[in-house]
Amino acid sequence: MGRLGHGISRLGRRLLHPRSWPVRWRLATVSAGLTFVILVLFGGAIGQIATQRIRDDFNSEVRSAVQILAGEFRVVYPAFGEPQAQQGPSLDAFTLPDDASARVLDVNGNILGESTDSVPLGSVHRGLSDYRGMRVAAAAITSESGEVTGYVQYGRSLAHVDATVDRVWLLIGAGILGGTLLAVFAGVAIAGRAMRPIASLTETAKKIATTRDPSERMPEPSNDDEVGELARTLEQMLRSLDAARTEREETMQKQREFVADASHELRTPLTSVLANLELLQASLHGDEQAEDREIVDSALRSSRRMGRLVSDLLLLARADAGRLTAHRRVDLAEIAGDAAAEAAPLMGKREFVLENDRPVRVEGSRDELHRMILNLLDNAIRHTQPDACVELRLREEGGEAVVEVGDDGPGIPEPMRRQVFDRFVRGQGPADTVRGNGTGLGLAIVSAVAASHGGSIEAAESNSGGALFRARIPLADAKNPAAKPLEAL
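Conventions and cut-offs
- Residues numbered from 1 in each chain as written.
- Predicted model: local features only at pLDDT ≥ 70, side-chain atom pairs only at ≥ 80, totals over all residues.
- Heavy atoms only, no water.
- Helix = DSSP H or I, 4+ residues; strand = E, 2+ residues; numbered from the N terminus.
- Buried < 20%, exposed > 50% of the residue type's maximum accessible area, 1.4 Å probe, protein only.
- Contact = heavy atoms within 4.5 Å.
- Areas by Shrake-Rupley, 256 points an atom, 1.4 Å probe, with all protein chains shown as cover.
- Pairing = 2+ DSSP bridges.
- Axes fitted to C-alpha atoms, helices over the stretch in contact; angles between N-to-C directions.
- Salt bridge = Lys/Arg side-chain N within 4 Å of Asp/Glu carboxyl O.
- Phe/Tyr/Trp six-rings, centres within 6.5 Å; stacked < 30°, edge-to-face > 60°.
- Polar contact = N/O pair within 3.5 Å; in protein donor to acceptor, adjacent residues only side chain to side chain.

We now examine the overall build of the chain. The number of helices and strands found in the chain is nine helices and 14 strands. Counting over 489 residues, the chain shows a buried share of 35%. Partitioning the contacts of the chain with sequence separation of at least 6, the portion at a separation of at least 24 is 65%. Summed over all atoms, the accessible surface of the chain reaches about 29,400 Å², with 55% contributed by carbon and sulfur.

This is the structure:
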């Protein structure tokens, strides 16, 4: 009922605001409105003319009937006795077909004869008059010498002519209503047909918006009109956007390949620099060379940090360029154990909990998966206090291997839980200074590795209110879709 009520309310608001109506409804409404006005004006004029004609014909029939009676009757006044009407037709036979009333009167207004079931016709008035719903006409009866000897009254009920007039107006009203409804239906049909190309363009535009594929073609216009011009303009715009997108993708691909190649080439000179600095550090002994040794130590730390940064950039650049390393079946539990062992010396006084029951087989790169788990542990160490608790859990769930790294640190604000996987995003926690500032690429690498293995990564809140990172990697025995490199992190 709630959904139905909402739908009715929405329809009511739309009906109250015509601007929100579909274009075909508005066109049909305008067409029907104009048709209604035209039909009302035309029907009103025709109705007035027809009504006047019906009443004029009725009055003419009444006048003609009374003139016929006056011409056929004679009123005789004998020397003794009452006046008498002579030579006239039967009033009943004359009035019966029209359900009328008639009577003959002398000059004094005395009734000399009248039709059966005659109704009162009032006093004599020359011409036409109305009396109690009757249209009454009176005419004088004259002698051969032209002297008025009496009168004839003839009356017919106005109910018949009024009923005829009402039927005329009813037919006109029905015609107006029927014409308006036909105009509505015709308007909707014509407007729908006219808007069909627009609907096709809209459907294609929605498809392009959903798929984000500007290579989709707009429907070919069948007519060379405004809609056809719109379709051709949209097609030209899409072709321009498609060309710009292709050019941009080619440029970005070249940039990714350049970064990957440059990062790879930087590893050799950095390795040489590190080796030379380590040899120089080993050759410096004694207090007199303490200052030189301190300088070499600082240069060695910076070079090692540069080496880690180059390695991170190389991994991300390879993922962006689609240069995936060969995948084979590996034990994720074993990899997690190795990563935990490597991160253990960095834990300090933190409590480290590892939960792993059995081997977990996945298809992937051992080195990349090791890097993913190690980065998650390193991130937990960086953003927790020295006495915090860090947990690493591994399990199978729904055909996927689930790796969870949680802590009881300050956690991640909900608006930041998607942004933390972007590149060069650094958190600001109370323990950031324990091992210095990170490069901002650790979690970006985690996301890239998960995506390259057909999996996913998400940030959430742990049971203790800290941060929880959950990575999902398809199991080796599960149906694994082709792994995809993460194009943009």
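Within the open sheet, the five strands sit side by side as 9-11-12-14-13. Their pairing is mixed. The outermost strands of the open sheet, each flanked by one partner alone, are strand 9 (351-356) and strand 13 (456-461). Across the sheet, the mean angle from the axis of one strand to that of its neighbour is 15 degrees, orientation sign disregarded. As paired strands, strand 9 and strand 11 (residues 389-397) are joined by six bridges and run parallel to one another. Bridge pairing in strand 11 links Glu 351 to Cys 389.

Right, let's talk about the side chain of Thr 180 for a bit. Within the secondary structure, Thr 180 is located in helix 4 (residues 158-211). Contact partners of Thr 180, with chain neighbours within four places excluded, come to Ala 32, Phe 36 and Leu 39.

With that settled, the discussion passes to the pattern of salt bridges. Scanning all chains against the criterion turns up 20 salt bridges. Put simply, Arg 366 and Asp 338 hold a salt bridge, and the shortest N to O gap is 3.1 Å. Here Arg 366, found in helix 8 (residues 366-382), pairs with Asp 338, found in helix 7 (residues 332-343); they are 28 residues apart in sequence, far enough to count as distant. The partly exposed category is assigned to Asp 338, whose relative accessible area is 37%. Across the pair Arg 472 and Glu 400 runs a salt bridge whose closest N-O atoms are separated by 3.6 Å. Note that Arg 472 is positioned in strand 14 (residues 467-474) and Glu 400 in strand 12 (residues 400-407), a separation of 72 residues in sequence. Overall, Glu 400 belongs to the partly exposed group, its relative accessible area being 25%. One salt-bridge network, held together by shared partners, links Glu 391, Arg 393, Arg 395, Glu 397, Glu 400, Glu 404, Glu 458, Arg 470 and Arg 472.

Okay, unusual backbone geometry next. Peptide bonds are trans in most cases, and residues, glycine excluded, mostly fall at negative phi. Of note, the phi angle at Asp 99 is positive, near 50 degrees, even though the residue is not glycine. Relative to the helices and strands, Asp 99 is located in the loop between helix 3 (91-95) and strand 3 (100-106). What makes Asp 99 exposed here is its relative accessible area of 53%. Phi is positive for Arg 132, close to 50 degrees, though the residue is something other than glycine. Within the element layout of this structure, Arg 132 appears in the loop between strand 5 (127-131) and strand 6 (134-142). On the basis of relative accessible area, Arg 132 is assigned to the exposed category, the value being 66%.

The geometry of two aromatic rings is summed up by the distance between their centres and the angle between their planes. One pass over the full model with this rule turns up two aromatic pairs. Taking the centre distance of 6.0 Å and the plane angle of 85 degrees together, the rings of Phe 421 and Phe 469 count as edge-to-face. Here Phe 469 lies in strand 14 and Phe 421 lies in the loop between strand 12 and helix 9 (442-452), a separation of 48 residues in the sequence. Both residues of the pair, Phe 421 and Phe 469, belong to the buried class.

Along the chain, Thr 384 falls in the loop between helix 8 and strand 11. Polar contacts involving the side chain of Thr 384 include one to the side chain of Arg 350, which spans 3.0 Å. Among the polar contacts listed, one links the side chain of Thr 384 to the backbone oxygen of Ala 380, at a separation of 2.8 Å.

Spatially, the five strands line up as an open sheet ordered 4-3-7-6-5, and their pairing is antiparallel. Both edges of this open sheet fall to strand 4 (111-114) and strand 5, since each of them pairs with a single strand only. For this sheet the average axis-to-axis angle between neighbouring strands, irrespective of direction, equals 25 degrees. Note that strand 5 and strand 6 share five bridges and pair antiparallel. Counted as the bridge partner of Leu 128 is Ala 137 from strand 6.

To continue, consider the environment of Leu 170. With respect to the element layout, Leu 170 can be found in helix 4. Considered as a pair, Leu 170 and Gly 47 are 123 residues apart in the sequence and their alpha carbons are 9.8 Å apart.

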